[in-house]
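The lines below spell out each chain.
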Amino acid sequence: MKKLYARMMKAACPIDPETMETTVPFLQHEIVPHAMADHGARQIFFFVDRQDDTVFSITIYDTREDLDNAMREADSEYRFASLAALGCTALDARSFEVVAGAVDDGAAGVDFATRVPPVRD
């Protein structure tokens, strides 16, 4: 069985509706393409925790080497500058081995890029 690996990054961010109006498009149209350009990146999802005003992402990678290379991004100037542009502060970055899961064959694909309009000027 093929193994998969995951990177989780977490940040404290303003979660109010007005801020999220610009944060979500920035994540979708700036951060997602950047993360998916990592070698071996297969999926990325961002989650919002409104209880503690945090946003975290989980990115799935093909190999441990791909994950190790991607983990270097956790301390990159790009990450910190992107978070600062959103008024966020980095909290954590961790790596994991995926040990169980499933995707329903009949699950409808969600095209986030078309569902989230670009950042307004």
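Residues numbered from 1 in each chain as written. Predicted model: local features only at pLDDT ≥ 70, side-chain atom pairs only at ≥ 80, totals over all residues. Heavy atoms only, no water.

## Observations concerning helix H3 (residues 77-85)
When we look at burial in H3, the residues that qualify are Arg79, Ser82 and Leu83. All buried residues of H3 project into a common sector of 100° when viewed along the axis, lining one side. Set apart from the buried face of H3 by more than 90 degrees, the exposed residues are Glu77, Ala84 and Ala85. Lining the buried residues of H3 we find strand E1 (4-12), helix H1 (17-36) and strand E4 (89-98). Once H3 ends, the next one or two residues include Gly87, with phi positive near 75°. (Buried < 20%, exposed > 50% of the residue type's maximum accessible area, 1.4 Å probe, protein only. Helix = DSSP H or I, 4+ residues; strand = E, 2+ residues; numbered from the N terminus. Arc of directions from axis to C-beta. Contact = heavy atoms within 4.5 Å.)

## Here's the deal with the pairing of strand E3 (residues 54-61)
With respect to burial, E3 is a largely interior element, six of its eight residues being buried. Relative to E3, E1 is paired through eight bridges, and the arrangement is antiparallel. Bridge pairing links Ala12 to Thr54 in E3. When strand E2 (residues 41-49) meets E3, the two strands line up antiparallel, connected through eight bridges. Paired with Ala41 across the bridge in E3 is Tyr61. Connecting E2 to the next strand, E3, in antiparallel fashion are four residues, including Asp53 with a positive phi near 50°. (Pairing = 2+ DSSP bridges.)

## Remarks on the state of the cysteines
Tallying each qualifying case throughout the model produces one disulfide. Shown here is the disulfide that connects Cys13 with Cys88, its sulfur atoms set 2.1 Å apart. Measuring handedness by torsion sign, the sulfur bridge of Cys13 and Cys88 sits at about 125° and is right-handed. Taken together, the positions of Cys13 in the loop between E1 and H1 and Cys88 in the loop between H3 and E4 put the pair 75 residues apart, joining distant regions of the chain. Of the two residues, Cys13 and Cys88, neither departs from the other in class, the shared state being buried. (Disulfide = S-S within 2.5 Å.)

## Considering the layout of surface pockets
Put simply, the largest pocket is a space of about 390 Å³. If you go around the largest pocket, you meet 17 residues; those closest to its centre are Gln28, Val32, Phe45, Phe46 and Phe112. Breaking the lining of the largest pocket down by element, the ones donating at least two residues are H1, E2 and helix H4 (112-115). Of the voids in this model, the second largest pocket is the one considered here, and its volume is about 280 Å³. (1 Å grid on protein atoms, 1.4 Å probe; cavity = no way out; pocket = protein on both sides within 12 Å on 5 of 7 lines; lining within 4 Å. Points joined across faces, edges and corners; volume = space filled by probe spheres on them.)

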